[in-house]
Amino acid sequence: METYFLILSLAIFFFISLKPLFGKRHSKFNLPPSPARPLPLIGHLHLLKQPLHRTFLSFSQSLDSAPIFSLRLGNRLAVVVSSYSIAEECFTENDIVLANRPESIVGKYIEYNFTTVTSAPYGDHWRNLRRLSTLEIFSSHKLNGFLSVRKDEIRHLLLRLSKNSQHGFAKVEMRSLFMDLTINNILRMMAGKRFYGDGTEQVRQLIDEVVSYAGAGNATDYIPILRWITSFEKRVQELSRVGSNEATLMMDHLLSLQEIQPNYYTDITLKGIIVVMILAGTETLIGTLEWAMLNLLNHPEVLTKARTEIDTKIGFDRLIDEQDIKNLPYLQGIVLETLRLHPVAPTLVPHMTSDDCILAGYDVLCGSMLLVNVWAMHRDPYIWEDPEMFKPERFENEKENQKVLSFGIGRRSCPGVGLTHRLVSLALGSMVQCFKWERIGEEYIDTREAPMMRPATPLQAMCKTRPIVHKILDAFA
Ligand code: HEM
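What you see is a predicted model, and the numbers here were worked out from it, not measured in a lab. (Residues numbered from 1 in each chain as written. Predicted model: local features only at pLDDT ≥ 70, side-chain atom pairs only at ≥ 80, totals over all residues. Heavy atoms only, no water.)

Let's talk about the coordination of the iron atom of the ligand
Protein coordination of the iron atom of the ligand rests on one atom only, Cys414 (SG), at 2.3 Å. Residue placement: Cys414 occurs in the loop between helix 18 (374-377) and helix 19 (417-434). (Donors = N, O, S within 2.8 Å, 3.2 Å for Na, K, Ca; no water. Helix = DSSP H or I, 4+ residues; strand = E, 2+ residues; numbered from the N terminus.)

Structure, rendered in structure tokens:
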């Protein structure tokens, strides 16, 4: 009897899930081309190999370099764009229609039922959150106020680097140092507190797991039956509980705002802000710093040029400061070149259409997911000279800056861009100014990426202090 009900339920489920995929509604529309015929129920999900941005580039190439194509991911239609002109069409005339986010299991459990600024549908609630985070966190005024936190955390980083490297080259593992820098920076901005030792590692593991579940590659988001069969949803629910405890500890600062305006600053809103800041503002910065250092180690001539720029403009008596960065164009070029070659959100954060629209002459139906493959666009040989090469010089022409779309464009673009440029440039500039750097061996470091856009092998380097480090050590003494 049980088997009978199972077969009956599966038959009904198959009928319901296949109907929209093969229904008449789709056939009368001019949808973007697809790389292959979709399979029943799963559509093209079986073709999605990690890393997705590379798979998407090969789909596009298999379709005669099609700059837009469509996929069926279980019960959802997705459109993938990989050209500048279509991306511009998306985020200018179609910006509002494309300003929604698709629902996901992470959005439901970790992002408080789609109420955070990253996951909320486009509308009044999202607008309020965006304004709130701009005023309280991302405005120049607020970022200037947090400068002392950034400087202090960078000083901690330099001190740790100098520990064993004052009398000769010492080997250092960069990821854990960048992890402490970025997590402590965000936590101090949010709650005025640092995490030490094991605390950071725990937070980091939590972030790692949540970030690995976010994004467009989870079959469970598209095939509802997988929610019952796999333990994915349960695991995300468990993580959401751990995350809540962590967040509760960091509420001090925002709670004072709640006292003044309790209706506006609800508990969920405040927790959501903290969760988003940690999720969006740590892994992104760690990855960017790691890729930047990796490229400097693989290109000693770039490193020398950056050091000469800093020595010439700043001298040997003081440490680089944030206001120096505008006078260090080569350093800024290194950061931009890192963001171009290694955008940590290579297909941006998924968008969703709230109505039918037209892109590049194709019909894009209401409820479709949009992914923009900026990783592929940043390596397009028709747009960039020597696209695979790490050449910060290309940004001597300031017009090139506009072509780096790692933070997205339009109303849902990243509000953390200012903080990223400040922290990454200052940390990188300080490390170049204070240390000599070498690879741990003769061979070049692997530039392929692991899942989540990290370097394939955790970055290690050899560093040796330069005399200026003593000025920092003295200041700490
Ligand atoms: C290298 C650093 C970073 C990169 C490459 C990056 C990239 C992105 C991208 C691609 C998006 C989505 C854009 C779109 O949907 O079109 C985004 C959204 C967002 N980012 Fe970042 N990000 C970075 C750092 C940060 C930092 C440091 C923070 C905060 C501390 C942050 C907070 C956010 C938030 C809140 C959103 C959601 C915006 C919305 O949906 O309205 N990001 N980021």
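Notes on the packing of helix 15 (residues 283-298) against helix 16 (residues 300-314)
Where helix 15 contacts helix 16, the two axes come as close as 5 Å, and the packing angle between them is 105 degrees. The angle between helix 15 and helix 16 places the two elements in the roughly perpendicular class. Here helix 15 contributes Leu296, Leu297 and Asn298 to the contact with helix 16, which in turn contributes Pro300, Val302 and Leu303. Classifying every residue of the contact of helix 15 with helix 16 by side-chain character gives five nonpolar, one polar and no charged. (Axes fitted to C-alpha atoms, helices over the stretch in contact; angles between N-to-C directions. Parallel < 35°, antiparallel > 145°, perpendicular 65-115°, else oblique. Contact = heavy atoms within 4.5 Å. Nonpolar A, V, L, I, M, F, W, Y, C, P; charged D, E, K, R; others polar.)

Some words on helix 16
Within an α-helix, residues lying three or four positions from one another point in the same direction, as the helix has 3.6 residues per turn. Taking 1.5 Å per residue as the helical rise, helix 16 with its 15 residues ought to reach 21 Å, and the 21 Å between its terminal C-alpha atoms agrees with that figure. Among the residues of helix 16, those classed as buried are Val302, Leu303, Ala306, Arg307, Glu309, Ile310, Asp311 and Ile314. In this fold, the buried residues of helix 16 make contact with helix 15, helix 17 (329-341), helix 19 and strand 8 (435-438). (Expected span 1.5 Å × (residues − 1). Buried < 20%, exposed > 50% of the residue type's maximum accessible area, 1.4 Å probe, protein only.)

Let's talk about the nonpolar core
Of all hydrophobic cores here, the largest spans 93 residues; its most connected members are Leu161, Met174, Met293, Leu370, Leu428, Met431 and Trp437. In terms of residue count, the dominant contributor to this core is helix 9 (residues 174-191) (10 residues). What Met431 contacts, discounting residues up to four positions off in sequence, is Leu157, Leu158, Leu161, Met174, Phe178, Met293 and Trp437. Within the second largest apolar cluster, 16 residues are counted, among which are Leu41, Phe59, Val80 and Met369. (Core = buried A, V, L, I, M, F, W, Y, C linked by side-chain atoms within 4.5 Å.)

Examining the pairing of strand 7 (residues 369-372)
With burial as the criterion, each face of strand 7 is covered, one bearing Met369 and Leu371 and the other bearing Leu370 and Val372. Looking at chain direction, strand 2 (residues 76-81) and strand 7 are connected through four bridges and run parallel. Looking across to strand 7, one finds that Val80 is bridged to Leu371. Summarising the sheet, strand 4 (residues 351-352) and strand 7 pair through two bridges and their orientation is antiparallel. Paired with His351 across the strands is Leu370, a residue of strand 7. (Pairing = 2+ DSSP bridges.)

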